[in-house]
Amino acid sequence: MSVVFKVVEIVDRLHLQKFFMEKDNKVLLNLSLDPSKVEEFIDQKLRLKGKNYRPNQFELDCIRELEG
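An account of the accompanying structure is given in this report. (Residues numbered from 1 in each chain as written. Predicted model: local features only at pLDDT ≥ 70, side-chain atom pairs only at ≥ 80, totals over all residues. Heavy atoms only, no water.)

To continue, consider the overall build of the protein chain. From N to C terminus, the protein chain includes 3 helices and 2 strands. The secondary structure elements of the protein chain, listed N-terminal to C-terminal, are α-β-β-α-α. The C-alpha atoms of the protein chain give a radius of gyration of 20 Å, which is well past the 11 Å a tight globule of 68 residues would have. In terms of overall dimensions, the protein chain has C-alpha extents of about 55 × 30 × 20 Å along its principal axes. Counting every position in the protein chain, which comprises 68 residues, the buried fraction comes to 3%. Accessible surface for the protein chain amounts to roughly 7,000 Å². Of this, 59% is attributable to carbon and sulfur atoms. Between the centroid of the 12 positive side chains of the protein chain and the centroid of its 12 negative side chains there is a distance of 7 Å. (Helix = DSSP H or I, 4+ residues; strand = E, 2+ residues; numbered from the N terminus. Rg over C-alpha atoms; globule rule 2.2 N^0.38 Å. Buried < 20%, exposed > 50% of the residue type's maximum accessible area, 1.4 Å probe, protein only. Areas by Shrake-Rupley, 256 points an atom, 1.4 Å probe, with all protein chains shown as cover. Lys, Arg positive; Asp, Glu negative; His and termini not counted. Charge placed at Lys NZ, Arg CZ, Asp CG, Glu CD.)

Here's what the structure looks like:
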């Protein structure tokens, strides 16, 4: 049994088809993350002196410049 067939069998058995998509004869992971939930998770794990991380004005200006 080939490795590809084993992977396809596992994906099928675990009903994980919704996490994959096919494009140009390639299989891609189809994951979407909510940025606010990721940021909240990181803020909970990386605490600074017992407080959540808050960017300073310089960081906010840099982010605004990169987005604009």
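A full pass over the atoms with the stated rule returns 2 salt bridges. The salt bridge involving Arg13 is made with Glu9; its shortest N-O contact spans 2.9 Å. Of this pair, Arg13 and Glu9 are both found in helix 1 (residues 3-13), 4 residues apart, which corresponds to roughly one turn of the helix. Taking the relative accessible area as the measure of exposure, Glu9 reaches 31% and is therefore partly exposed. In this structure, the salt-bridge partner of Arg64 is Asp61, at a minimum N-O distance of 3.0 Å. Taken together, the residues span about one helical turn, with Arg64 and Asp61 both in helix 3 (residues 57-67) at a distance of 3 residues. By relative accessible area, Arg64 is classed as exposed at 51%. (Salt bridge = Lys/Arg side-chain N within 4 Å of Asp/Glu carboxyl O.)

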